[in-house]
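Observations on the three-dimensional arrangement
So the chains spell out like this:
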Amino acid sequence: MKRVMLSCAILMVVSGVCQARPLTNRVFDAYFLGFETDPAMDYGGRDIVTIHSLISRGFSGMIRTSTVAPAYEFISALGLSTVQHEVFGHGARAREYNLDPSYSFGLDFSGGTGIGKDPETMEQNLVIAGGGTEGDSIMAHRILADLYTKDGTDGSKIPLMFIGKIDFSVYVLSTSSPTDKQADFTDDYTSGNDIAYYLVSRQAQRRSANPADVWNNDYDVDFDDAVLGDNYDDVRAAAIWNLVDPSLYAALYGYVADHVIAGKSQVRPPVISLGGGFGLTVGTRAFLGPEEVTRFLDLYLVTPGPLVTAYVRDLQGSLDQTYGYGGGFHRLRLGNRVSVSLAGDFWQVPESEVPLYAGSGWNGCGELETMFSDHVGVSIKVGSKSEGYFPGTPMESGPYGGAGLLVTF
């Protein structure tokens, strides 16, 4: 899955060699080091971004030609997106259930997550299976939000955003169909393919199978089950939806035009101008929940201050389709040293053959960042939610949060 993306780096290098420029306007975002209550996908992703940014900054200091930047920025992104996928994706969900995750990584940018205990419920199987691409998507969305704020963000982060963003789609579209390629689908499941494992777990949940049997590849897939094929179609539709993202391709354009060719360190992608410093763009996302496949349609209003966001999403279950919505703002500045972000989410849980949750769900979150001086600051995040699945947040109800150190130099 990850090795296919190497071609992206090669293509970006080739596209950039038409003109060699040094990196200019060297203003870099604050580096972040922090923690968050599990699943820690957001702040864990910020830690990964810091590592990537430091690597990219180190190479740019030695290699002064901006057109070479995609070579080291994409290679670093390939490796670190795998770490995010495993440690702050699968591993994050496994840590929620105290399943003692462990990790392995290969030189080909591959990775794997094991657990020290068998899952106790099928819900655990499902959220762990979907957690890898979930973690990458959460990280990518944070970078994308920073890109569309007033000042933009480091162009070097865009390769990490891009690879994290398409991880879900590449994984799904490379998974064999349980309808047309049953032997290949079985091989996918038994060899640890996340998407095949998720689909098998959905079926096993309906059949009240033993979750440990599914985890240990001892479950016999029922290919006569029409719902299995329907779930696969839902997942593929979500993967395609995830790729049809104007904000993603605008960011890639900004990366090539401003960062690679023009040599700028800071990038803010183009948007539909509304005049007066305001602009508009849209985006798409998708996630795998324990009872549903969910697709987001995001609206981003760029302002002279914060990024204002709103979205609507569908939750496609096996029996029912429901909807959710939410919004907020990102990085509202209060003076020169403080910024605030707020977000709220509401959704209706779809009906399921094996109901895990019912009724409606909600989530609310706020984040404050302040710089005590020109070089040191803190970031604090506090949220609370109802019981159930919402991307990047705990499954249990109640408060969650995180904190981290900000450093600039």
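Our structure is the block above this text.
To start, this report covers the structure provided alongside it. A quick note: this is a predicted structure, and the numbers were derived from the prediction, not measured.

1. A short note on empty space enclosed by the protein
In this structure the tally under the stated criterion is five cavities of 30 Å³ or more. Contributing to the lining of the largest cavity are 33 residues, with Asp42, His141, Arg285, Ala343 and Cys365 lying nearest its centre. Of all the secondary structure elements, the ones that give two or more residues to the lining of the largest cavity are helix H4 (122-147), strand S7 (278-288), strand S8 (293-302), strand S9 (307-316), strand S10 (321-333), strand S11 (338-348) and strand S12 (360-371). Each residue belonging to the lining of the largest cavity can be placed in one class, and the counts come to 14 nonpolar, 12 polar and seven charged.

2. Comments concerning the pattern of salt bridges
Counted under the stated rule, the structure contains 19 salt bridges. Close ionic contact of Glu369 with Arg46 constitutes a salt bridge, the shortest N to O distance being 2.8 Å. One end of the pair, Glu369, is in strand S12; the other, Arg46, is in helix H2 (residues 41-62), with 323 residues separating them in the sequence. Take Glu369: its relative accessible area is 8%, and that puts it in the buried class. Take Arg46: its relative accessible area is 9%, and that puts it in the buried class. Its salt-bridge partner being Arg206, residue Asp225 comes within 2.3 Å of it at the nearest N-O pair. Of this pair, Asp225 sits in the loop between helix H8 (211-215) and helix H9 (226-243) while Arg206 sits in helix H7 (residues 194-206), and the two are 19 residues apart along the sequence. The same class applies to Asp225 as to Arg206, namely buried. Bridged by salt links that share partners, the residues Glu36, Asp42, Arg46, Arg142, Asp146, Arg331, Glu367, Glu369 and Lys381 form one connected network.

3. Here's the deal with the sheet that holds strand S13 (residues 376-385)
Read from one edge of the open sheet, 10 strands run S1-S14-S13-S12-S11-S10-S9-S8-S7-S6, paired in antiparallel fashion. Only two strands of the sheet have a single neighbouring strand rather than two, namely strand S1 (31-36) and strand S6 (272-275). Pairs of neighbouring strands in the sheet enclose a mean axial angle of 15°, with direction left out of account. Pairing analysis gives three bridges linking S6 to S7, with the strands arranged antiparallel. Pairing of Ser273 across the sheet is with Gly279, part of S7. Strand contacts of H4: S7, S8, S9, S10 and S12, with the helix running at about 170° to S7, the strand carrying the most contacts. The strands that H9 touches are S7, S8 and S9; relative to S8, the one it contacts most, it runs at about 15°.

4. Some points on unusual backbone geometry
Each neighbour pair has its own omega, and for Asp38 with Pro39 the value is 20°, a cis peptide bond. The topology assignment puts Pro39 in the loop between S1 and H2. Phi at Asp100 is positive, roughly 55°, even though this residue is not glycine. Examined against the element boundaries, Asp100 turns out to sit in the loop between helix H3 (69-96) and strand S2 (101-105). With relative accessibility at 46%, the residue Asp100 sits in the partly exposed group. One non-glycine residue, Phe109, lies in positive phi territory at about 70°. Its location among the elements puts Phe109 in the loop between S2 and strand S3 (111-115). A relative accessible area of 18% places Phe109 in the buried class.

5. Some points on a negative patch on the surface
Judged by side-chain charge, Asp118, Asp213, Asp218 and Asp220 come together as a negatively charged surface patch. Tracing the chain through its elements places Asp213 in helix H8.

6. What about helix H10 (residues 246-261)?
Helix length check: H10 (16 residues) gives 21 Å between terminal C-alpha atoms against 22 Å at 1.5 Å per residue, within 8%. Buried within H10 we find Ser247, Leu248, Ala250, Ala251, Leu252, Gly254, Tyr255, Val256, His259 and Val260. At the exit of H10 stands Gly263, carrying a positive phi of roughly 80°.

7. Describing the environment of Asn231
By the element assignment, Asn231 lies in helix H9. Exposure remark for Asn231: the relative accessible area of 2% places this residue in the buried category. For the pair Asn231 and Gln203, spaced 28 residues apart in sequence, the C-alpha to C-alpha distance is 9.1 Å. Sequence-distant contacts of Asn231, defined by excluding residues within four places in its chain, comprise Leu199, Arg202, Arg206 and Ser318.

8. Examining the packing of helix H6 (residues 182-190) against H7
Interaxial distance between H6 and H7 falls to 7 Å at its minimum, and their mutual angle equals 100°. Taken as axis vectors, H6 and H7 run roughly perpendicular relative to one another. Contact with H6, carried on its side by Phe185, Asp188 and Tyr189, involves Ala196, Tyr197, Leu199 and Val200 of H7 and no other residues of that element.

Cut-offs applied
Residues numbered from 1 in each chain as written. Predicted model: local features only at pLDDT ≥ 70, side-chain atom pairs only at ≥ 80, totals over all residues. Heavy atoms only, no water. 1 Å grid on protein atoms, 1.4 Å probe; cavity = no way out; pocket = protein on both sides within 12 Å on 5 of 7 lines; lining within 4 Å. Points joined across faces, edges and corners; volume = space filled by probe spheres on them. Helix = DSSP H or I, 4+ residues; strand = E, 2+ residues; numbered from the N terminus. Nonpolar A, V, L, I, M, F, W, Y, C, P; charged D, E, K, R; others polar. Salt bridge = Lys/Arg side-chain N within 4 Å of Asp/Glu carboxyl O. Buried < 20%, exposed > 50% of the residue type's maximum accessible area, 1.4 Å probe, protein only. Pairing = 2+ DSSP bridges. Axes fitted to C-alpha atoms, helices over the stretch in contact; angles between N-to-C directions. Contact = heavy atoms within 4.5 Å. Patch = residues over 30% accessible without salt bridge, like charges linked within 9 Å, V, L, I, M, F, W, Y side chains within 5 Å. Areas by Shrake-Rupley, 256 points an atom, 1.4 Å probe, with all protein chains shown as cover. Lys, Arg positive; Asp, Glu negative; His and termini not counted. Charge placed at Lys NZ, Arg CZ, Asp CG, Glu CD. Expected span 1.5 Å × (residues − 1). Parallel < 35°, antiparallel > 145°, perpendicular 65-115°, else oblique.

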